[in-house]
Amino acid sequence: MVLHEYRRRLPASPPGLDRRSHAVVSVLADSIQRLQRGENLDRDTASLREERDRITQGYRELLATEEEKQAFDQILALTRDVYYSIEDHKFYVEHWYQSRFWNKVRELGKLFVAGGFFQDIEDIFLLHYTELERALMDLLLSWSIGTVARGPKYWPPEIARRKQIMERLRAWAPPPALGVVPEVIGDPAIIMLWGITPERLRAWLAPEEGNVLRGFAAAPGVVEGPARVVLSIEELQEVKDGEILVCSVTEPSWAPVLARVRGMVSDIGGVMSHAAIVAREYRIPAVLGTGVATKRIRTGQMLRVDGDNGVVTILD
């Protein structure tokens, strides 16, 4: 089968694959096509290491005493040792475990479909876990003592109502921030990972008008290209080479797609977020933490992403 045709025929949720796995599978066909065209998919890791060592040495030379330099060296060595464990953690916790767990939940959903409780196995995710326990007991008792279960009459209309609520919520564009802005945000994880500072919150509450958006200068460089707004993981397969990815936030399973884009803009994210780290690794300019990128930008619009100064300009 031609790879392009294979990708076109992929269902929204292939059997046995969760949405994250589907994102990887949809990109795999593109990677094979690029290899067949003779493209080199390997990254220049040698030059990346040289640049890493140059930057590291530059910061080390800023330290005044030998004691500070020794502490710096110890922390750096620890960070590099732990880094690999963190990467394994992301794989086993965020990908391997969750994929297996959610697919087990879907297997349970099949029992409810067979019992007339649900029309689709995905309906199980619209129940709270306490409701799921009660529904399971209803199904078990009706099977064990031969009575008519309450579930087939109760759950289908309730699930239909919840699906309507979910559709309304998907169509709603909430403001990026609410309430009173705190004077100080002291948690470094909130600042570094999510890009939430008092300055950013104030900017989100009173966004600039016009064609300019501002955020964190997360990865250096300036680039222009067409925007691709991605609001769900299913839309990742629509991303084309050379586009500028515009999204709310990224996650590790998006890495194959990030290798194809020319730049990145996000609503949420700080200088040490996943999006920032991957953007710097792939040397694509990135402006993160704009708060309103997915609301102000439309797919196809030409953008200029200034990763040096944290500015995004909508050119049309």
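Not measured: the values here are computed from a predicted model.

Moving on: the nonpolar core. If you look at the biggest cluster of nonpolar residues, it comprises 20 residues, and the most contacted ones within it are L245, W254, M264 and A286. Listed by contribution, the elements that provide at least two residues to this core are β2 (216-219), β4 (244-247), α9 (255-258), α10 (274-282) and β6 (286-288). No other element matches the four residues that α10 contributes to this core. L245 has contacts with R228, V230, V239, W254, L258, V261, G263, M264 and V265, leaving out every residue within four places of it along the chain. Formed by 15 residues, the second largest nonpolar core is a distinct cluster that contains V265, V292, L303 and V305.

A few words on the pattern of salt bridges. Counted according to the given criterion, the structure contains 17 salt bridges. Residue D123 pairs with K163 through a salt bridge whose shortest N-O separation is 2.9 Å. With D123 in the loop between α4 (66-114) and α5 (129-145) and K163 in helix α6 (residues 151-171), the pair connects residues that are 40 residues apart, well separated along the chain. Judged by relative accessible area, D123 falls into the buried class, the value being 3%. R214 is the partner of E208 in a salt bridge, and the nearest nitrogen-oxygen pair spans 2.6 Å. By relative accessible area, E208 is classed as partly exposed at 39%.

Ordered in space as β1-β8-β7-β3-β4-β5-β6-β2, the eight strands form an open sheet in which the pairing is mixed. If you trace the sheet from one side to the other, it starts and ends with β1 (212-214) and β2, each paired once. Taken over all neighbouring pairs, the strand axes of this sheet differ in orientation by 30° on average, direction set aside. Inspection of the sheet shows strand β3 (residues 222-230) paired to β4 by four bridges, in the parallel sense. Pairing of V230 across the sheet is with C247, part of β4. Against the sheet, α10 engages β2, β5 (263-266) and β6, with an angle of about 45° to β2.

Turning to α6, a few remarks are in order. Under the 1.5 Å per step criterion, the end-to-end length of α6 is 30 Å for 21 residues, consistent within 8% with the ideal 30 Å. Regarding α6, the residues found buried are G151, W155, E158, I159 and R162. Mapping the buried residues of α6 onto a view down its axis gives an arc of 110°, with all of them on the same face. Of the exposed residues in α6, those oriented more than 90 degrees away from the buried face are K153, Q164, R168 and A171. Where α6 is buried, its residues touch α5.

Looking at the secondary structure, you find E131 in helix α5. Judged by relative accessible area, which is 13%, E131 ranks as buried. Separated by 2.9 Å, the side chain of E131 and the backbone nitrogen of H128 make a polar contact. A distance of 2.7 Å separates a polar atom in the side chain of E131 from a polar atom in the side chain of R162. With residues up to four places along the chain from it excluded, the contact list for E131 reads L126, W155 and R162.

With that settled, the discussion passes to the packing of aromatic side chains. The geometry of an aromatic ring pair is captured by two quantities: the separation of the ring centres and the angle between the planes. The tally for this structure, following the rule as stated, stands at six aromatic pairs. Between F112 and F117, the aromatic rings sit 5.4 Å apart at their centres with planes inclined by 50°, giving tilted as the arrangement. Where Y154 meets W155, the ring centres are 4.8 Å apart and the plane angle is 80°; that geometry is what we call edge-to-face. Here a set of aromatic residues connected by ring pairs shows up, and it is made of Y97, F101, W102 and F125. Above the plane of the ring of Y154 lies R150, whose end atom (NZ or CZ) is 4.3 Å from the centre.

Relative to the helices and strands, F112 resides in helix α4. Setting aside residues up to four positions removed in sequence, F112 forms contacts with F117, F118, I124, L132, A135, L136 and L139.

A few words on helix α8 (residues 198-205). Among the residues of α8, those classed as buried are P198, R200, L201 and W204. Buried residues in α8, looked at end-on, bunch into an arc of 160°, giving them a common side.

Time to look at the pairing of β4. Covered by surrounding structure in β4 are I244 and V246 together with L245 and C247, the residues of both alternating faces. Relative to β5, β4 is paired through four bridges, and the arrangement is parallel. Pairing of I244 across the sheet is with G263, part of β5.

Residues at a pLDDT of 70 or more form 88% of the chain, whose mean pLDDT is 85. Residue range residues 1-16 is modelled with pLDDT below 50. Its contacts to residues more than four positions away, or to other chains, number 22 contacts.

What counts and what doesn't
- Residues numbered from 1 in each chain as written.
- Predicted model: local features only at pLDDT ≥ 70, side-chain atom pairs only at ≥ 80, totals over all residues.
- Heavy atoms only, no water.
- Core = buried A, V, L, I, M, F, W, Y, C linked by side-chain atoms within 4.5 Å.
- Buried < 20%, exposed > 50% of the residue type's maximum accessible area, 1.4 Å probe, protein only.
- Helix = DSSP H or I, 4+ residues; strand = E, 2+ residues; numbered from the N terminus.
- Contact = heavy atoms within 4.5 Å.
- Salt bridge = Lys/Arg side-chain N within 4 Å of Asp/Glu carboxyl O.
- Pairing = 2+ DSSP bridges.
- Axes fitted to C-alpha atoms, helices over the stretch in contact; angles between N-to-C directions.
- Expected span 1.5 Å × (residues − 1).
- Arc of directions from axis to C-beta.
- Polar contact = N/O pair within 3.5 Å; in protein donor to acceptor, adjacent residues only side chain to side chain.
- Phe/Tyr/Trp six-rings, centres within 6.5 Å; stacked < 30°, edge-to-face > 60°.
- Lys NZ or Arg CZ within 6 Å of the ring centre and 35° of its normal.
- pLDDT = per-residue confidence, 0-100.

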